[in-house]
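Descriptive structure summary
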Amino acid sequence: MTTELTPITTRCGTIAVVGAPNAGKSTLLNRMVGAKVSIVTHKVQTTRTRIRGVALAGEAQIVFVDTPGLFKPRRRLDRAMVAAAWGGAADADVIVLLIEAHRGLTEGVKRILDGLPAVAKGRKVALAINKIDRTEAPKLLKLTQEINERFEFSKTFMISAEKGHGVEALRDWLAMELPESPWLYPEDQLADLPMRMIAAEMTREKLTLRLHQELPYQLTVETEMWTEKPDGSARIDQLIYVSRPGHKGIILGNKGETIKAIGQSARAEIEEFLGRKVHLFLQVKVRENWLDEAERYSEMGLDFKDGNA
């Protein structure tokens with residue numbers, strides 16, 4: 001007598017996490033995936049590309065699309081970022097709107113709620129209220145009611161992406177909402193971005209953290225060369241593009257001390273991510289009009305045409 005084995009049903013699909021800048025989208029993505037695949041700083045508008053992180057929940061493979069923050073665009077780069085965010089939502093199987101509990105129903109959140117029906121189109125949309133530890137329970141309940149009156153969410157979650165509270169419940173719910181499908185990625189793959197781009201993002205994060213308010217967001221980092229060495233290490237040459245000569249001096253610092261510290265910090269993080277030794281070389285170049293160069297947008301995973309007014 002033979003016993004037939006019940007075939008395992010696997011699920012796989014994409015989840016778009018949308019929200020205002022600095023709502024905690026990158027922190028949530030990194031928490032879900034269990035590794036740092038998206039840039040996280042205290043500054044707004046740091047995520048530019050639709051970074052995909054891959055998480056596993058039982059027999060489900062969840063592919064997260066971490067979109068740029070949705071805000072009122074003023075420049076070409078802003079418009080391209082907002083277009084990428086809405087595009088990520090329109091392509092996803094399930095959408096998660098992430099908002100900050102203590103900021104509540106801001107004008108920015110209202111604009112996102114107004115735009116959701118156009119991209120949801122029958123998809124399930126979950127509301128995740130983040131940073132719940134900063135708000136009292138009565139205010140949370142009132143906020144939940146107000147937002148659900150503006151849009152019919154499939155489910156509401158109270159979470160703290162930074163501390164992990166409620167994140168597992170959100171992940172398990174998302175896993176069950178995905179369509180039955182074979183997995184798209186190998187079991188041990190964390191992200192579908194090329195390592196060249198992940199390394200560039202790590203360096204850009206260190207620049208953002210180190211320079212604070214000294215430098216505007218008009219800089220970008222590109223991995224120019226990636227050379228595998230015979231001893232198993234990697235040489236990574238990166239270019240930092242800035243739009244003004246004065247910005248170059250800020251990044252270099254007195255006797256090159258600032259860029260040296262940034263390079264050391266970025267190298268350590270890249271080495272930890274790769275699990276091997278890295279030789280990182282940084283060079284700063286002034287390109288006054290890089291914000292209007294299609295090639296720079298391609299490197300960031302953005303569509304240059306989306307930046308048109």
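Where helix α7 (residues 245-252) contacts helix α8 (residues 257-274), the axes come no closer than 5 Å and their chain directions differ by 65°. Contacts from I250, I251 and L252 of α7 reach α8 at E257, T258 and I259.

This next bit is on the pairing of strand β8 (residues 234-242). Across the 9 residues that make up β8, a large majority, 8, are buried. Taken together, the 9 bridges between strand β7 (residues 219-228) and β8 define a ladder with antiparallel strand orientation. Paired with T227 across the strands is R235, a residue of β8. Hairpin connection from β7 to β8: 5 residues lie between these consecutive antiparallel strands, with G232 at a positive phi of about 95°. Taken together, the 9 bridges between β8 and strand β9 (residues 278-286) define a ladder with parallel strand orientation. Bridge pairing links Q238 to L282 in β9.

Further remarks concern the sheet that holds β8. Strand order in this open sheet of 3 strands is β7-β8-β9, and the pairing throughout is mixed. The sheet is open, and its two borders are formed by β7 and β9, each paired with just one other strand. Across the sheet, the axes of successive neighbouring strands diverge by a mean angle of 20°, strand direction being ignored. Contacts between α7 and the sheet are confined to β7, β8 and β9, with β9 contributing the most and set at about 150° to the helix. Contacting β7, β8 and β9, α8 runs over the sheet at an angle of about 135° to β9.

Conventions we followed
Residues numbered from 1 in each chain as written. Predicted model: local features only at pLDDT ≥ 70, side-chain atom pairs only at ≥ 80, totals over all residues. Heavy atoms only, no water. Axes fitted to C-alpha atoms, helices over the stretch in contact; angles between N-to-C directions. Helix = DSSP H or I, 4+ residues; strand = E, 2+ residues; numbered from the N terminus. Contact = heavy atoms within 4.5 Å. Buried < 20%, exposed > 50% of the residue type's maximum accessible area, 1.4 Å probe, protein only. Pairing = 2+ DSSP bridges.

Spatial relationships are all this shows, so hold off on functional conclusions.
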